[in-house]
Amino acid sequence: MGVFEAPANLTGHEQVVFCQDKNSGLKAIIAVYSTALGPALGGTRFYPYDNEEDAVRDALDLSKGMAYKASLAGLDLGGGKAVIWGDPVADKSEALLRAYGRFVESLGGRYITACDVGTYVQDMDVIAKETRHATGRSVENGGAGDSSVLTAYGVYSGMRAAAEHRWGSADLAGRTVGVAGIGKVGRYLIGHLLEEGATVVATDISEQARAWLSTTHPQATFVDDTDALITSDIDIYAPCALGGALNDDTVPVLRAKVVVGAANNQLAHPGIEKMLAERGILYAPDYLVNSGGVIQVSDEIDGFNFERAKRRASQIFDITGRLLRTADSEGVPPAVAADRMAERRMAECGRLRSILLP
């Protein structure tokens, strides 16, 4: 799919911007799904996609997820996402990041960026040299710092709520949790789980991640791949890497009874949520439980206060519990109930923007 074919895939999106700066090598796509509730907030992913179609599709899917995430979290923000097509190790430079920042600024505040896979706090500090619309900056520069902190805390809170719904107790002590992906969020999540007394089994494609786990948390178990993880005797599965973790191959062999993870777009395609329900696997929608990060960086917009942001992220426990009860009462999978709740708030509160404010 090329640039001129893209409009056929923009169902529901307000705007998609293709950005190119030949001098720095920048190739980026900024997707704004909705600004019904406010400016579209979403991170910038720096990733070596195989082709342009994959990059566009990721931007579209992720931006929609961000809109639903902000809505369920009760934020007056819309949803957007950006992807930089390239290798963050080989291609990232100050010139490229600043060129990207100028494109963000050109949108006039319709899109606010933050960190994501392949981008870090120090990158946001560079991007912010060219735009007023960058969050997730360093504490030294008045920012919220690493948003992985509250992303992991939110996933942990959602996991406790799901455990309470499934087993009648939010206590994770004695539960075995399989964590796929020991990245920025996975590492904090593992810390929360071990602190509560859970047993952790984890995997990652990175040898550095494996070394980190063995030295930092030797009581945790490392397995070689995701297939070994999901077929092991675990109570809870936590996908914390890239999307599509729940698919036609993994769901039939998954042994966990609860799925709560940090990865975006975990359902590979529509219908997976029904497969999970048919197998009796409780799925807490990803864009709800991983919303702690967007809560953290959104707090930065008006002056960051960590304790205030953490209190708001703590509400993920209550929202998850309410959502799971609603799904049961309506007789639908949690993913369907979550979409309905998010869409309802976007529609109802979005109408308020038709009132002209001074």
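Structure: see above.
How each quantity is defined
- Per chain, the residues get numbers from 1 upward, laid out in the order the sequence is written.
- With pLDDT at 70 or above as the cut-off, local features in this predicted model cover only qualifying residues; side-chain atom pairs require 80 or more to be listed or tallied, and sums for whole chains, interfaces and linings still use all residues.
- With hydrogens and water stripped out, all remaining heavy atoms of the structure feed into the side-chain values.
- At least two bridges found by DSSP between two strands is the condition for calling them paired.
- For the purposes of this entry, the term helix denotes a DSSP run of H or I that reaches at least four residues, the term strand denotes a run of E that reaches at least two, and both are numbered from the N terminus.
- The contact criterion used is simple: two residues touch if any of their non-hydrogen atoms lie within 4.5 Å.
- Exposure categories follow from relative accessible area, calculated using a 1.4 Å probe and restricted to protein chains: below 20% of the type maximum is buried, above 50% is exposed, and the middle band is partly exposed.
- Salt bridge, as used here, is a side-chain nitrogen of Lys or Arg placed within 4 Å of a carboxyl oxygen of Asp or Glu.

Trainee: So what about the sheet that holds strand β7 (residues 176-180)? Which residues, and what values?
Mentor: Read across the sheet, 6 strands follow the order β9-β8-β7-β10-β11-β12 without closing on themselves; strand pairing throughout is parallel. Edge positions in the sheet fall to β9 (221-222) and β12 (282-283), since each has one partner strand and no second. Note that strand β10 (residues 236-239) and strand β11 (residues 258-259) share 2 bridges and pair parallel. Each bridged residue has a counterpart across the sheet, and for Ile236 the counterpart in β11 is Val258.

Trainee: Break down the environment of Asp91 for me, with residues and values.
Mentor: In this fold, Asp91 is placed in the loop between β5 (78-85) and α2 (94-106). For Asp91, the contacting residues outside a window of four places in its chain are Phe46, Gly86 and Leu96.

Trainee: Break down the environment of Gly321 for me, with residues and values.
Mentor: Mapped onto the fold, Gly321 is located in helix α11 (residues 306-330). Residue classification places Gly321 among the buried residues on the basis of a relative accessible area of 9%. Residues Gly321 and Glu140, spaced 181 residues apart in sequence, show a C-alpha to C-alpha distance of 36 Å.

Trainee: Any details on the pattern of salt bridges? Residues and values, ideally.
Mentor: Pairs can form between side chains of opposite charge once their charged atoms are near each other. Under the defined criterion, the tally for this structure stands at 17 salt bridges. Across the pair Arg132 and Glu105 runs a salt bridge whose closest N-O atoms are separated by 2.5 Å. Remark: Glu105 occurs in helix α2 and Arg132 occurs in the loop between α3 (121-127) and α4 (148-167); sequence separation between them is 27 residues. On the basis of relative accessible area, Arg132 is assigned to the exposed category, the value being 66%. Across the pair Glu330 and Arg340 runs a salt bridge whose closest N-O atoms are separated by 3.1 Å. With Glu330 in helix α11 and Arg340 in helix α12 (residues 334-350), the pair connects residues that are 10 residues apart, well separated along the chain. One continuous salt-bridge network, built from bridges that share partners, spans Glu94, Arg98, Arg102, Lys129 and Glu130.

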